[in-house]
Number of protein chains: 2
Amino acid sequence: MSLPHAILTALLEKPSSGLELTRRFDRSIGYFWSATHQQIYRELGKLEADGLIRALPSEQPARGQKKAYEVLPAGRAELARWTAASQDPRPHRDPLLLRLRAAAVVGTEGLEADLRRHLELHERQLAEYEEIEKRDFPPGRDGTEDRLRHLVLRAGIDLETFWTGWLRHALEDFAELPDEAT
Amino acid sequence: MSLPHAILTALLEKPSSGLELTRRFDRSIGYFWSATHQQIYRELGKLEADGLIRALPSEQPARGQKKAYEVLPAGRAELARWTAASQDPRPHRDPLLLRLRAAAVVGTEGLEADLRRHLELHERQLAEYEEIEKRDFPPGRDGTEDRLRHLVLRAGIDLETFWTGWLRHALEDFAELPDEAT
DNA sequence: TCACCTTGTGCAACTAGTTGCATAAACGGT
DNA sequence: ACCGTTTATGCAACTAGTTGCACAAGGTGA
């Protein structure tokens, strides 16, 4: 149950409308907690009903009109509670590794091309993260907030580094595999 | 939609009953595609209804009686099709990183202990993987199946290596953070 | 022999996340 | 004045995954 807390965090960083949140979930926050605009609108409704956020007063709250939200004290308290509470790591699910294991039984045909494609995607993501690091975290700054945000970005960079490394290794291995007739 | 394919793979490796599958999903396969016994029973029902697997003939197919399944040719074909088909990487979701980001806004209280706990869990998992590697993949074997399975295990090892490394780094960083009053 | 535990199978209800579509205002061109 | 696009919000239906419980058979000990 992390989506509401992701939204609370985003709104604390900056009060936003549904669409603005959606955009931010396509970038920064979404790198480790993605969400579609429908999820976000639905959740904003719930959070408002629960008294954790409120719509900022605006002109006409009509449809097709921007409606920005801000976090209420109760929302901040809930986020603090959730952040401090111990949580188990969620089970890990990865279709690509599953396909590799399936390939051991039914043959590797077609897989190699997709590994190559994944490698490219991860390389692109890694480059993007490194761009952000260069831009937002030049050496020398070390406020607490910066440190924590940098740590999160580091996780992203290290994770993509792992994937690109592993995929390259996998492709080398594939190259050595005997040609097969599935 | 990977669960049926995970089950097909498992059944091709060895025909099994629902409970046996559940056990195997708690170990090997479950390392990168976890599933509960209810998911598995439900899916076995669907796969049988779709003609991809069938129950092995047994004595009394009563309740509380083992019922083993094997993969039919149509099931193998479906698995091969799925394995070869190109798939996009699924969006990544990680509550721990989310909490770190939230902590940048509402304070780090309570988080450090959980980071420590996660580090321990990942260290344990890493040790388990390395144990398996030593046992199942001694140097020198290199059949195609072994190579692929070893690659999958390598991904697990590298992933846990990333996590333990990152968590250790994060904890060092936490130690340097100024004490705070949230 | 009967209460209890373990093994094995399964249903039902719920929560989370995705997909497809609808609606409405604002803006820009023609 | 009208048409099409972009921006913004939202509903409804679906798929995937989780949780809680029920039921049956067989074994174990008192």
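## Here's the deal with the nonpolar core
The nonpolar side chains of soluble globular proteins are, as a tendency, buried together. Judged by nonpolar contacts, the single largest core of 88 residues is most densely connected at A:Ile7 and B:Ile7. If sequence neighbours within four positions are ignored, B:Ile7 has contacts with B:Leu21, B:Ile40, B:Glu43, B:Leu44 and B:Leu47.

## Re helix α3 (residues 37–49) of chain B
All names here are of chain B. Taking 1.5 Å per residue as the helical rise, α3 with its 13 residues ought to reach 18 Å, and the 18 Å between its terminal C-alpha atoms agrees with that figure. Ile40, Leu44 and Leu47 are the residues of α3 that are buried. In a view along the axis of α3, the buried residues occupy a sector of 70 degrees, so they form one face of it. For α3, the exposed residues set more than 90 degrees away from the buried face come down to Gln38, Gly45 and Ala49. The inward-facing, buried residues of α3 abut α1 (3–13), α2 (18–26), β2 (53–55), β3 (68–71) and α4 (73–84). Looking one or two residues past α3, Gly51 carries a phi angle of roughly 75 degrees, positive in sign.

## Here we look at the interface of chain A and chain B
Reports of interface size often rely on the accessible area that becomes lost once the parts have come together. If you look at the interface, chain A gives 60 residues, while chain B gives 60 residues. The set of elements that each furnish at least two residues to the side of chain A that touches chain B consists of α1 (3–13), α4 (73–84), α5 (95–106), α6 (111–136) and α7 (144–176) of chain A. No other element matches the 15 residues that α7(A) contributes to the side of chain A that touches chain B.

## Here's the deal with the pairing of strand β3 (residues 68–71) of chain A
Looking along a regular strand, one sees side chains alternate from face to face of the sheet. Residue and element names in this part refer to chain A. Side-chain alternation along β3 places Tyr69 and Val71 on a buried face and Ala68 and Glu70 on a face that remains uncovered. Taken together, the two bridges between strand β1 (residues 16–17) and β3 define a ladder with antiparallel strand orientation. Following the sheet pairing, Ser16 is matched in β3 by Tyr69. Bridge count for strand β2 (residues 53–55) against β3 is three bridges, and the pairing is antiparallel. Residue Arg54 lies in a different strand from β3, and its bridge partner there is Glu70.

## Some points on the packing of α1(B) against α3(B)
Residues and elements named next belong to chain B. Viewed as axis vectors pointing N to C, α1 and α3 meet at an angle of 85 degrees, and their least axial separation amounts to 10 Å. Classified by the angle between their axes, α1 and α3 sit roughly perpendicular to one another. Every residue of α3 that contacts α1 at Leu3, Pro4 and Ile7 is listed here: Gln39, Ile40, Glu43, Leu44 and Leu47. Looking at the contact of α1 with α3, its residues break down into six nonpolar, one polar and one charged.

## A few points about the domain arrangement of chain A
Partitioning chain A into structural domains gives domain 1 (3–84) and domain 2 (95–176). Each of domain 1 of chain A and domain 2 of chain A was reduced to a C-alpha centroid, and the two centroids are 29 Å apart.

## Remarks on the sheet that holds strand β1 (residues 16–17) of chain B
Residues and elements named next belong to chain B. The strand order across the open sheet built from three strands is β1-β3-β2, with neighbouring strands paired in antiparallel fashion. The open sheet has two free edges, formed respectively by β1 and β2, since each of these has just one partner strand. Its contacts with the sheet place α1 against β1, β2 and β3, and it is angled at close to 95 degrees to β3.

## A short note on the relation of the copies chain A and chain B
Taken as rigid bodies, chain A and chain B are interconverted by a rotation of 180 degrees and an axial shift of 0.0 Å, the fit giving an RMSD of 0.0 Å. Both copies of the chain, as the preceding transformation shows, are related through a two-fold rotation axis. The position closest to the rotation axis in chain A is occupied by the C-alpha of A:Phe162, lying 3.6 Å away. When you check the interface residues of chain A against chain B, 100% turn up at the interface there too, and the contact is symmetric in its surfaces.

## With respect to the packing of α1(B) against α4(B)
Residue and element names in this part refer to chain B. In the contact formed by α1 and α4, the axes pass within 10 Å of each other and the chain directions differ by 125 degrees. One element, α1, and the other, α4, form an angle in the oblique class. As for how α1 packs across α4, the hand of that crossing is left-handed. Every residue of α4 that contacts α1 at His5, Leu8, Thr9 and Leu12 is listed here: Gly75, Arg76, Glu78, Leu79 and Trp82. Residues that form the contact of α1 with α4 fall into these classes: four nonpolar, three polar and two charged.

Thresholds, definitions, all that
- Residues numbered from 1 in each chain as written.
- Chains lettered and ligands numbered in written order.
- Predicted model: local features only at pLDDT ≥ 70, side-chain atom pairs only at ≥ 80, totals over all residues.
- Core = buried A, V, L, I, M, F, W, Y, C linked by C-beta atoms within 7 Å.
- Buried ≥ 20, exposed ≤ 12 C-beta atoms within 10 Å, placed from the backbone.
- Contact = placed C-beta atoms within 7 Å.
- Helix = DSSP H or I, 4+ residues; strand = E, 2+ residues; numbered from the N terminus.
- Expected span 1.5 Å × (residues − 1).
- Arc of directions from axis to C-beta.
- Pairing = 2+ DSSP bridges.
- Axes fitted to C-alpha atoms, helices over the stretch in contact; angles between N-to-C directions.
- Parallel < 35°, antiparallel > 145°, perpendicular 65-115°, else oblique.
- Nonpolar A, V, L, I, M, F, W, Y, C, P; charged D, E, K, R; others polar.
- Domains from an automatic or database assignment.
- Least-squares fit on C-alpha atoms with pLDDT ≥ 70 in both.
- Left-handed = near helix turned anticlockwise from the far one by under 90°.

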